[in-house]
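Survey of secondary and tertiary structure
Spelled out from the first residue to the last, the chains are:
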Amino acid sequence: MKTAIVFALAAGKLAAAHATFQSFVIDGKDQGQHTAVRTPSNANNPILDVTSSSMSCNGGTKAADTLEVAAGSEIGLQWHHNDGASTTGDNDEPIAASHKGPVIVYIAPAESNGEGDVWVKIQQDGLTGTTWGVDNFITNKGLVNVKIPELAAGEYLIRPEIIALHEASAQGKAQFYNGCGQIKVTGSGSASLPSGVAFPGAYSATDPGVLCNIYGGEVKCTASGSAGYDVPGPEVWDGASSGSGSGSGSAPASSATPTTTAAASLAPVSSAPAATSSATAAAAPTIGSGYDTGSSTTQPAAQPTATAETGSGSGSRSTLPEQFTISEFISWLETKTGSANAKRFAAAFARRAHPRDFA
Ligand SMILES: [Cu+2]
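All of the points below concern the structure found in this document. (Residues numbered from 1 in each chain as written. Predicted model: local features only at pLDDT ≥ 70, side-chain atom pairs only at ≥ 80, totals over all residues. Heavy atoms only, no water.)

The next subject is the overall build of the chain. Along the backbone of the chain there are 6 helices and 14 strands. Classification of the 359 residues of the chain by burial places 50% in the buried group. Working note: accessible area of the chain is about 15300 Å², and carbon and sulfur atoms make up 50% of it. (Helix = DSSP H or I, 4+ residues; strand = E, 2+ residues; numbered from the N terminus. Buried < 20%, exposed > 50% of the residue type's maximum accessible area, 1.4 Å probe, protein only. Areas by Shrake-Rupley, 256 points an atom, 1.4 Å probe, with all protein chains shown as cover.)

With that settled, consider the coordination of the copper ion. The protein atoms that coordinate the copper ion are His18 (ND1), His99 (NE2) and Gln175 (OE1), at distances of 2.0 to 2.6 Å. Of note, the donors binding the copper ion are all from one chain and are spaced H-x80-H-x75-Q. You can see His99 sitting in the loop between strand 4 (74-80) and strand 5 (103-109) and its partner Gln175 sitting in strand 11 (residues 175-178), a full 76 residues away along the chain. As far as burial versus exposure is concerned, His99 and Gln175 are alike and both buried. (Donors = N, O, S within 2.8 Å, 3.2 Å for Na, K, Ca; no water.)

A few words now on the pattern of salt bridges. Here the idea is simple: oppositely charged side chains can pair when their charged atoms come close. One pass over the full model with this rule turns up 2 salt bridges. Among the ionic pairs, Lys100 bridges to Asp135, the shortest N-O distance being 2.7 Å. Within this pair, whereas Lys100 is found in the loop between strand 4 and strand 5, its partner Asp135 is found in helix 2 (residues 133-139), the two being separated by 35 residues in sequence. Just as Lys100 is buried, Asp135 falls in that class too. (Salt bridge = Lys/Arg side-chain N within 4 Å of Asp/Glu carboxyl O.)

The analysis is restricted to geometry; functional conclusions fall outside its scope.
Structure follows, in structure tokens:
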């Protein structure tokens, strides 16, 4: 089996394998890139500092338009790896598969501009079995579906968020991605948002779901240290009660809450992997020694090995095609650096989906 991997770095154009929230999808129709979506100030790079002001709306300034959505309706929040670029052949679209972690959605009144204790969590997808929210996110091609609560008509900010935990066993290495969309809720909903949490402020660098080792078997990123994963931040609001937005002591959700519906809508639409999944998995496994010399992360035993590709059309060459196998890549590297260095570099590179400036 030949696994073609696009090593865009070798072609000199590898973008960091991150992601941004870019558009709304309403009734299956994409509303257009940046329409009613605040464009981040720092491209698709992650936030590493939980105290950064960008934790609120990723440094984005107010967009010109606001999108009308019906209270109680389900809308889609579309993310992509790169902004404005073609997604074709991008194995890190919508995000590098290594970037495992939760996918969360918050909402706040628009007049707050995201400042103060205003953010109310309306959905989260953490870890279910061995499936992370980001795994479902990739299966859904970067589309985060969320049900808008039966909110009173008015303008709100909606803030989807991804936390990538692939290096989060070290403090300050969890990667935070968020973005803000501007919506005007219509209809006759009556729920008013409870008080919420602040960004920055809601998360600590040492929260069990932030300082978290996802490798080495069972994940134990919980307050008690038991198996599982505690999604950072408050409890999910049930969409009705008025005093429980800030987390502790929230009322138990009834079986008819938007929470339940929303969780179901986050489930993968299909268990069949996308066509690019095998290549993505090979190119972006969740391990990272290589450049990560400071990491104390326990690595899983299984890893794609360069030698597994031997025999699939290798041969020394001095130039590299746009697509090539690992063995072809090693052969090419050998012509540049010698065998030992080539194998080491190739193996390290294969474990990574993005360059060292933002791991
Ligand atoms: Cu990254």
